[in-house]
Every structure is written in C-alpha cells, then in structure tokens.
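Structural overview
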Amino acid sequence: MAEHLLQASRQRQVKVMTAAAGSAGQAAVPLLLCALLAPGSAYVLDDSDGLGREFDGIGAISGGGATSRLLVNYPEPYRSQILDYLFKPNFGASLHILKVEIGGDGQTTDGTEPSHMHYALDENYFRGYEWWLMKEAKKRNPKITLMGLPWSFPGWLGKGFNWPYVNLQLTAYYVVSWIVGAKHYHDLDIDYIGIWNERAFDINYIKVLRRMLNYQGLQQVKIIASDNLWEPISASMLVDSELLRVIDVIGAHYPGTRTVKDARLTEKKLWSSEDFSTLNSDVGAGCWGRILNQNYINGYMTATIAWNLVASYYEQLPYGRCGLMTAQEPWSGHYVVEAPIWISAHTTQFTQPGWYYLKTVGHLEKGGSYVALTDGLGNLTIIVETMSHKHSMCIRPLLPYFNVSRQFATFSLKGSFSEIPELQVWYTKLGKPSERFLFKQLDSLWLLDSGGSFTLELQEDELFTLTTLTTGSKGSYLLPPKSQPFPCVYKDDFNVDYPFFSEAPNFADQTGVFEYFMNIEDPGEHRFTLRQVLNQRPITWAADAFNTISIIGDYKWSNLTIKCDVYLETPEKGGVFIAGRVNKGGILIRSARGVFFWIFANGTYRVTGDLAGWIIYTSGHADVTAKKWYTLTLTINGGFSSGTLNGKPLWKNVSVNFPKNGWAAIGTHSFEFAQFDNFRVEAIH
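Everything numeric in this text was worked out from a predicted model, so none of it was measured.

Rules behind the numbers
- Residues numbered from 1 in each chain as written.
- Predicted model: local features only at pLDDT ≥ 70, side-chain atom pairs only at ≥ 80, totals over all residues.
- Heavy atoms only, no water.
- Helix = DSSP H or I, 4+ residues; strand = E, 2+ residues; numbered from the N terminus.
- Rg over C-alpha atoms; globule rule 2.2 N^0.38 Å.
- Buried < 20%, exposed > 50% of the residue type's maximum accessible area, 1.4 Å probe, protein only.
- Contact = heavy atoms within 4.5 Å.
- Areas by Shrake-Rupley, 256 points an atom, 1.4 Å probe, with all protein chains shown as cover.
- Disulfide = S-S within 2.5 Å.
- Polar contact = N/O pair within 3.5 Å; in protein donor to acceptor, adjacent residues only side chain to side chain.
- Axes fitted to C-alpha atoms, helices over the stretch in contact; angles between N-to-C directions.
- Parallel < 35°, antiparallel > 145°, perpendicular 65-115°, else oblique.
- Left-handed = near helix turned anticlockwise from the far one by under 90°.
- Nonpolar A, V, L, I, M, F, W, Y, C, P; charged D, E, K, R; others polar.
- Domains from an automatic or database assignment.
- Buried area = accessible area lost by both parts, 1.4 Å probe.
- Salt bridge = Lys/Arg side-chain N within 4 Å of Asp/Glu carboxyl O.
- UniProt positions renumbered as here; feature names shortened; annotations may be inferred.
- 1 Å grid on protein atoms, 1.4 Å probe; cavity = no way out; pocket = protein on both sides within 12 Å on 5 of 7 lines; lining within 4 Å.
- Points joined across faces, edges and corners; volume = space filled by probe spheres on them.

Right, let's talk about the overall build of the protein chain for a bit. Each helix and strand counted, the protein chain has eleven helices and 38 strands in total. Relative to the 2.2 N^0.38 estimate, which gives 26 Å for 685 residues, the radius of gyration of the protein chain is 28 Å and therefore close to what a compact globule would have. Taking the principal axes of its C-alpha atoms as reference, the protein chain extends roughly 90 × 55 × 45 Å. Counting across all 685 residues of the protein chain, residues that qualify as buried make up 61%. Across the protein chain, the fraction of contacts at a sequence separation of at least 24, relative to all contacts at a separation of at least 6, is 72%. On the protein chain, roughly 25,700 Å² of surface is accessible, and the fraction owed to carbon and sulfur atoms is 54%.

With that settled, the discussion passes to the state of the cysteines. Using the criterion set out here, one finds one disulfide in the structure. Each sulfur in the disulfide pair Cys287 and Cys394 lies 2.1 Å from the other. On the sign convention where negative means left-handed, the S-S torsion of about 100° between Cys287 and Cys394 marks this disulfide as right-handed. Highlighted residues: Cys287 in helix 10 (residues 282-299) and Cys394 in the loop between strand 18 (380-385) and strand 19 (407-413), separated in sequence by 107 residues. Of the two residues examined, Cys287 and Cys394, each falls in the buried class. Considering cysteine sulfurs only, Cys564 is the nearest to Cys488, which forms no disulfide, with 19 Å between them. For Cys488, a relative accessible area of 29% puts it in the partly exposed group.

This part is about the side chain of His389. Its location among the elements puts His389 in the loop between strand 18 and strand 19. Taking the relative accessible area as the measure of exposure, His389 reaches 12% and is therefore buried. Here Leu399 takes part through its backbone oxygen, which lies 2.8 Å from a polar atom of the side chain of His389. With near-sequence residues (within four places) excluded, His389 lies in contact with Leu399, Pro400, Tyr401 and Phe402.

Axis separation between helix 10 and helix 11 (residues 339-348) bottoms out at 8 Å; the angle between their running directions is 20°. For the element pair helix 10 / helix 11, the angle class is roughly parallel. The hand of the helix 10/helix 11 crossing is right-handed. Here helix 10 contributes Asp282, Ala285, Trp288, Gly289 and Leu292 to the contact with helix 11, which in turn contributes Ala339, Pro340, Ile343, Ser344 and Thr347. Looking at the contact of helix 10 with helix 11 residue by residue, the class counts come to six nonpolar, three polar and one charged.

Here the focus is the domain arrangement of the protein chain. One can read the domain layout of the protein chain as domain 1 (51-396 + 404-467) and domain 2 (489-684). Computed over C-alpha atoms, the centres of domain 1 and domain 2 are 37 Å apart. The partner domain 2 presents 36 residues to the 45 residues of domain 1 that form the contact. Carbon and sulfur atoms supply 56% of the area buried between domain 1 and domain 2, which totals about 3,100 Å² over both sides. Among the residues of domain 1 in contact with domain 2, Arg69, Gln107 and Tyr314 are the three that bury the most area, contributing 22% of the side total. Applying the counting criterion to the domain 1 and domain 2 interface returns one salt bridge. Across the pair Arg127 and Glu515 runs a salt bridge, and its minimum N-O distance is 3.4 Å. For the pair domain 1 and domain 2, the interface holds 21 residue pairs in polar contact (both at pLDDT 80 or more).

Another point: the side chain of Thr540. In this structure, Thr540 sits in the loop between strand 27 (528-532) and strand 28 (548-552). Given a relative accessible area of 11%, Thr540 falls into the buried group. Sequence-distant contacts of Thr540, that is, excluding residues within four places in its chain, are made with Asn162 and Trp196.

This paragraph deals with the UniProt feature "domain: Glycosyl hydrolase family 59 central" (unreviewed entry) in the protein chain. In the UniProt entry, the feature "domain: Glycosyl hydrolase family 59 central" (unreviewed entry) is given for residues 357-472. Strand forms 46% of residues 357-472 and helix 0%; the C-alpha atoms that close the span are 19 Å apart.

The next thing to look at is empty space enclosed by the protein. Summed over all chains, the structure comprises six cavities of 30 Å³ or more. If you add up the space inside the largest cavity, you get close to 110 Å³. Lining the largest cavity we find 15 residues, and of these Gly103, Pro114, Arg127, Trp131 and Trp178 sit closest to its centre. In terms of residue count, the dominant contributor to the lining of the largest cavity is helix 4 (residues 130-140) (three residues).

Structural data, given as structure tokens:
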C-alpha cells in the first residue's frame, strides 16, 4: 500500500507545484506550494497533547419569526431543490442543526407563527410549517439535530399578564406538550429545548421544565439557556448547583466571537445559538465565514446557528434577505443559492457533530484564522479563512478594525496526522465577479515527499478547506425560473377541503393568526373561509399591533382594487378591514400606514391612513351588523380612493397622499374572530 502511494506521489509530483491551478486558469486561483520554502509563518497541527472541545455542528433557524412563510407555497420541483441545498448531506449547506420557533401566536420579527395551543383546552400539532420543515430536514439528514425555542406565547398562559412565568407548571406543560406532540404526530425527536428567546429567564422555571421533561420520560432532551447574553445566566449557574446541573448548553446571541470568564468556568458547552442575521451578499458570506472559525478560536463555541435558514418572507419586511439563501417568490418558482450556502459547506461537508477541534487552532500572522477538526479515526479537516474587515462585517455587534494582507502560511501535520498522504482542497474567493469562486474543488495536495508540510499562498477574502474526506460535492440543479413580480390579478376563495397547511398561500400574518376554516353552519358559498382565530392578545415578544393584520402581494403596488367578503363574529364591538398601500410589517407593524377601509358591527364605517386608526380620512354610517356576510371593495388610484359595500358606493374620491405604495391586507379591529372569503386584488402597473 505504502509503495503504491509513493508511486502515485512521484507521478503527481509535477502537479503538486501548481496544485491549485485547477481548471480556473493559472492567474485566477492562488498557488498551493507543497513544502517550498516561501517566506511565511509556520503553523503546527498536532494531536499529541490531546484534543480540544467536541464539535456540535453548524445550523440555522427557521422562525423568529415566519422566516420560512413563503417556502411552503413553492411548486415542485423547486421546493425540494431548495430543501436539498439546505439539508442534503454533501450537496449544499448540509446543515447539522435545525432550530425552529415554537409558534406562540405573536409577532416575532417578520410575522406571527401559530401556536399548537391557541386556547387553554386546544391542542393541534398540524398548524404552521415548522413540523413539515423538520420532517423534510430529517428526510434528507436523519442525523440532524432538532431544537425548539419559544419567542412569544399564547395569551392564556399569562392569566392577564404579558409574562410567561405566572404559572411555571403551566408554561412547562405547554412547552413539553410541543415536544411530545412532535414525537407522537410526526415521529420527530427534539434534541434541545430553549427558555424564552432574548428575554428574561426564570431560574425556577428552568428547574420545573427539567423535572417535567424527566417525568414525561424525556431525559434525553437537553436544555439550552438562555438564548440572550452570556450573563446573567452564567453567573447564576455558578452560584446554584441545581441550575448548573439542569442546563446542558449555554447559548448566547451575536457574541462577536467572544465569550466571558463565567461561561467558561461552568465547564458547559458554549454555543452561538443565534448569529449572522446579515444580508446574504458577499459581505454576509464573509461575516459567516469569519465567525464559523473564530467563534471557536476566540470564544470556545462549538456550534454556530444562523438566523435565518432561508429568506422566505417578503423582502421589504425587516431584515430582508438575511437568510443563508433566498426563496421569496413561490408564485414564480425563482430562488437564489446565495454565497453563505457555500461558505457553510466548507465546514459542514467535512465535519460532523462528535468530531473534535484540535488544540492547535488560531489566528494567522497577517490576518485570518485556521481551525482543524478530527473524527479521532484518522480523518482531518482544516479550514482557513482570510476575510477582510470591510468584507466580513456582520449586522452586529460592531467589528473592531483588523488588517488582512497577502501571506504564505506553512502548515505542518504532526502526531497521528504526520502520515496523511493526501488532502482534498476546496476553495472560495469572495469579491469581484472576475475573481470570484464559490466552493470550487482544486487538485488534491500530496504530502508524502514533504514531511507532512504544505504552504498556502493566501490573499484576502478567501476560504480553503483541506481534508482527508473525499465525499464533498457542489450540488446543482438546472437554473430555476426567472424572477417575476407578484401577479397583478390574484384571487383566493379558500375552498380547500383538507388543507395541507393551516394558512392560505402568500398571506403573511403580522398580528393575529389567519387559518383555513370550515363553516359547518354555512353549507352555501361561505363553507370554506379564512378566519382570524385569536381572541386575546398573546404574550408578546415584539410590539404587536392592537389590531390583527395579514399582508399579501407586491410592495410596489400603488393603484389597485381590493375586493373581499367579510363576516363579523362579534356583535356591537366587532370590526374588520381591507387595505392597500400598507407600508410596514414585522416588528414595525404598529406604525403601518396605508389606506384602511373598516366596517364595524355597530353600523359604522371608517377610512383611515394608518392601522392604529389615528388618521381618519372619512367615516359614517353603514348598514352593517354582526353574523352577516358583506362584500367590501376598496379602489385606490393616484391620490384618491373610494369604497363600496355590497356593490354600492359608500364613500368616494377621498384624498390619500401617503404612502405611495405597499401591500394589500385584511384584518380585524381587535383580537376577535372574523372571517374572510373570495379575496381578490387587481393592481395596475
């Protein structure tokens, strides 16, 4: 065997000198020099003194909130292709971890996600799309780690207070029931459970949660806390032995690659349990590449989880396109495999949870960093990044200035790695299109005649993976359809007998929850409707509006006609609206402007310039009562608008000057039951 390898090595010696040239042409890709004495720094990779920490994986978050909303509406084969790029091993991002929001009915950044328990005696484990997403991830990678974390909670848990810790047992029961439901209805094993995203933790609640998990036979479910900052959770654990015992992982958000002394003193696993959150351009890719290495080097973090998995929400919502890839056009089938997918692959395709970091990891002399991991069975993966300051700024925290410049770096393999004959080489260069490469496989590197050493010429904004694994691949499909705007004419009668998803396509709930509903009392044309199902305000994570609202369509729409049948369920106090030119959503929903046409069960109508109802354009009496269907039409053209009730003009030529464009929307006056049917919008481009 050794003789055969030596022979192969001699045959390929000439290749070694220009190993990196690949098919990209000599000038484009840097030279990989095998043990040539280039002036540069030397870095030893050695396991003689034992190994570093156990690696727990790279992952991403769906939710927090409604970030995968539009993904479920994609037609096949495009939906499956997107899922392959995210989860399929040795294909694309090949993620090790999927973390999902435990829907709590509240606005959690880009929309609301429905709870499995809207009301005290209600349980339904088929709402929303996170169950479906977890199953699709597991289908592609049965070993993927699953995590759940609440952002908001249904209002009944607070017993009148905007606080989830009023009754610790009740909240623990609610969370544990989600874990049990995942297993019972979907055969999903949840591996980690969180406390309350980026909000206060309650020490007694964490202990109650652990006891309830154990009582339900869920000892294997681990607790991560507190999905906020390193403190005060770390200090609390050091002074409370029971708390220290029940928390398995300390998860911090946007740690800037740094940890704190208290967190290290706990001797627990440290994770960056939410990071990235940056526009998925090359700068976002640079951010991701830098922190995937440096979260471990600087902060001992053994898992990094990106917010968010895939940008599948209307781009003009907060943090548009902050996903590892973009899939925000189910109506066209268009999606974009962005650079962060391939940055992920540099680590994910050549490591697995259960591998170990070497102790010999660190910073490069002229900027950049290197890590190395092993499976303990002879495999070695080395990841080198030289992301520049300018091209690797994450959205937060502020990045102190550093310099990266051209350098030669010599790596020497020692200990059990000294006999490795060959390393596969994968390469990325971010920046100018003419010089840009994403996850390109170069010629492999032969080490037999070089005493286990090799030298890399490194420029800025590059990423190298050198690995003994030969299983990596750059997956691809035919290009998806071209990008198209949302259709100018769009209608939905909600006539779905057995809906696969609880929400109607393309509607993005921003406060409240709108679900398919079967009206048993109405055998006629309104048997199947869309219903707003929350009757009380949730325990909020963000500033939910005081009205419920679901948006749809093209943010560029200006002149349009919206028509919808509406049904008030609340006598006297009930109210519903249809709207156009809605200019804000997500965590900014309270301050949304637009043109809102309301009718109320007390026999009045109103036209307002904002969701909150402060700007009143006109109002008056209307022949309206609860428990009856009405057809509303709103027409907006230039600076004027008009509205009809059951086809008869109710108000006309009302002046509307701001905003000039925005989404269409439906909603209710308060957290009340109401139904919508035969929605139709026609926009004039």
